[in-house]
Amino acid sequence: MVWRFQANPSRVVFGWGAVEAIVEELDYIGVERVLVLSTPHQRELAETIAADLGDRAAGVHAGARMHVPVSIVDDALAAVRTTGADGCLAVGGGSTIGLGKSVARRSSLPVIAVPTTYSGSEMTPLWGETEAGVKTTGTDMKVLPSAVVYDPQLTTGLPLDLTVTSSINAVAHAVEALYSSNGSPLISLMAEESIRSIATALPIVHAERESKVGRADLLRGSWMAGTCLGSVSMGLHHKLCHTLGGALDLPHSDTHTVLLPHVMALNLSAHSAAYDAVCRALGVGDDPAGALWDLVNAVEGPTSLRELGVDEDDLLDIAATAVSAPYPNPVPLTLDNVMAVLSGAVRGVRPTSTK
Ligand code: NAD
């Protein structure tokens, strides 16, 4: 076995109140005035952060939208030019950070990320944009944020449903890193600790949405999961989420949450080290797929694709696409085994995994 490990350059500030360190980060990177990006929904937070930055903020552009439509990128680039900003500060989830990345890709200006969900996009050089319903993705080191400021305080307002699904979105990065075709011992350490951190914190935050310890552990886990996503290739789970999400316009993190235990039931049985690592992280002796399903169920997350609007009739095309252009996966993919994964996820049955 030969391992290769390539670390992405990353600069992270993490902690309760870390948002106050943004100016120091701008000084470190050499950015004078940032355009603060957000969704319309998070405009108030963006304006508060811009007000705190004073003359280091060039303005607020609250135009981020899901799937980063190209027209939105053009609008943000125009705002960068009009305000004379020399960088962007993306405050929000994967959609806002995605907009910041696309501006960085076109303008070569740095982006600083202030994540408020657990999507992990801030730790990756991956970008995605949509035009006329077609999503294009790629890898470009220009889009990797120059600094990431993780402040758990900004996540206390994340609604419970999105908290759960976004957390499981992060767990999905970690699980697939454990059996990745280009994984390594270092990534496996981060992946296992990420799952442990999130699985421990989710019930705490479910009971008390503003728990300081719980919120910090969810964000800490998503930082590690994002690092995994940015470092190694993903497998069947991410392929199915992209295919399903693109074809049926499903909510990103909900799709991850429903599918993950079913993909784990297939894949972990073929990868003993990953099976054991997920068991340790979830604190169970066996059946890690069933244990994750139980956790999602206990914190009231979605457990069936049917509740997201998917019909059994939609599945064959999705399975055929996944099999025809597969991501590297520990289990060779066939129409039958992919259909079994999808069918269990549509019906919302509890999967079980054995070694
Ligand atoms: P999102 O960014 O679309 O946010 C969902 C909604 O929640 C938005 O309205 C947002 O304003 C709101 N929100 C975010 N944080 C909040 C908070 N703390 N309090 C209240 N409301 C809040 O959701 P997401 O799941 O973070 O991101 C999904 C997108 O990110 C997808 O398009 C996905 O493809 C992309 N993504 C990209 C990468 C990558 O590496 N490029 C990685 C993961 C996800």
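Residues numbered from 1 in each chain as written. Predicted model: local features only at pLDDT ≥ 70, side-chain atom pairs only at ≥ 80, totals over all residues. Heavy atoms only, no water.

For the site of the ligand, give the residues involved together with the corresponding values.
As a matter of local geometry, the ligand sits amid 22 residues, with T39, S95, T116, T117 and T124 nearest to it. One nitrogen or oxygen atom from the side chain of T39 is found 2.6 Å from an oxygen atom belonging to the ligand. Within the side chain of S95, an N or O atom sits 2.6 Å from an oxygen atom of the ligand. Here the element with the most residues in the shell around the ligand is helix α4 (residues 94-107); it accounts for three residues. (Near = heavy atom within 4 Å. Polar contact = N/O pair within 3.5 Å; in protein donor to acceptor, adjacent residues only side chain to side chain. Helix = DSSP H or I, 4+ residues; strand = E, 2+ residues; numbered from the N terminus.)

Describe the packing of helix α8 (residues 236-248) against helix α13 (residues 335-347), listing the residues and the values that go with them.
Packed helices, taken two at a time, are described by the angle their axes make and the gap between the axes. Taken N-terminus to C-terminus, the directions of α8 and α13 make an angle of 65 degrees; their axes are 12 Å apart at the nearest point. When the axis of α8 is compared with that of α13, the two are roughly perpendicular. Crossing of α8 over α13 shows right-handed handedness. The residues of α13 that touch α8, namely those facing L236, L240 and L244, are V338, V341 and L342. (Axes fitted to C-alpha atoms, helices over the stretch in contact; angles between N-to-C directions. Parallel < 35°, antiparallel > 145°, perpendicular 65-115°, else oblique. Left-handed = near helix turned anticlockwise from the far one by under 90°. Contact = heavy atoms within 4.5 Å.)

Outline the environment of C279, supporting the account with residue identities and numerical values.
You can see C279 is positioned in helix α10 (residues 272-282). You can call C279 buried: its relative accessible area is 4%. Along the sequence, C279 and W3 sit 276 residues apart, while their C-alpha atoms lie 24 Å from each other. For C279, the residues in contact, after removing those within four places along its chain, are V284, G285, D286 and P288. (Buried < 20%, exposed > 50% of the residue type's maximum accessible area, 1.4 Å probe, protein only.)

Tell me about the layout of surface pockets, and please be specific about residues and values.
Within this model, the second largest pocket holds a volume of roughly 280 Å³. Taken together, the residues of the lining of the second largest pocket break down into nine nonpolar, seven polar and three charged. (1 Å grid on protein atoms, 1.4 Å probe; cavity = no way out; pocket = protein on both sides within 12 Å on 5 of 7 lines; lining within 4 Å. Points joined across faces, edges and corners; volume = space filled by probe spheres on them. Nonpolar A, V, L, I, M, F, W, Y, C, P; charged D, E, K, R; others polar.)

Tell me what's going on with the side chain of S197, and back it up with residues and numbers.
Mapped onto the secondary structure, S197 falls in helix α6 (residues 185-207). Look past the residues within four positions of S197 in its chain and what remains in contact with it is D217, R220 and G221.

Hey, could you go over the sheet that holds strand β3 (residues 57-61) for me, with residue numbers and the actual values?
Through backbone hydrogen bonds, the strands of a sheet pair up, either in parallel or in antiparallel fashion. Across the sheet, six strands lie side by side as β1-β8-β5-β4-β2-β3; this open sheet has parallel pairing. Two strands bound the open sheet, and with one partner strand each, they are β1 (12-14) and β3. Across this sheet, the average inter-strand angle for adjacent strands is 15 degrees, counted without regard to direction. Judged from the four bridges that link them, strand β2 (residues 34-37) and β3 form a sheet pairing that is parallel. What sits directly across from L37, in β3, is H61. Taken strand by strand, helix α7 (residues 212-231) contacts β1 and β8 (147-150), and its axis lies near 165 degrees from that of β1. (Pairing = 2+ DSSP bridges.)

Now, about the packing of aromatic side chains: what can you tell me, with residues and values included?
As enumerated under the stated definition, the model contains three aromatic pairs in all. Ring centres 5.6 Å apart and planes at 20 degrees place the aromatic pair F14 and W223 in the stacked group. In this pair, F14 sits in strand β1 while W223 sits in helix α7, placing the two residues 209 residues apart along the sequence. Residue F14 is classed as partly exposed on the basis of its relative accessible area of 29%. Among the aromatic residues, ring-to-ring pairing joins F14, Y150 and W223 into one connected group. Across the ring face of Y28, the terminal group of R11 is positioned such that the distance to the ring centre comes to 3.5 Å. (Phe/Tyr/Trp six-rings, centres within 6.5 Å; stacked < 30°, edge-to-face > 60°. Lys NZ or Arg CZ within 6 Å of the ring centre and 35° of its normal.)

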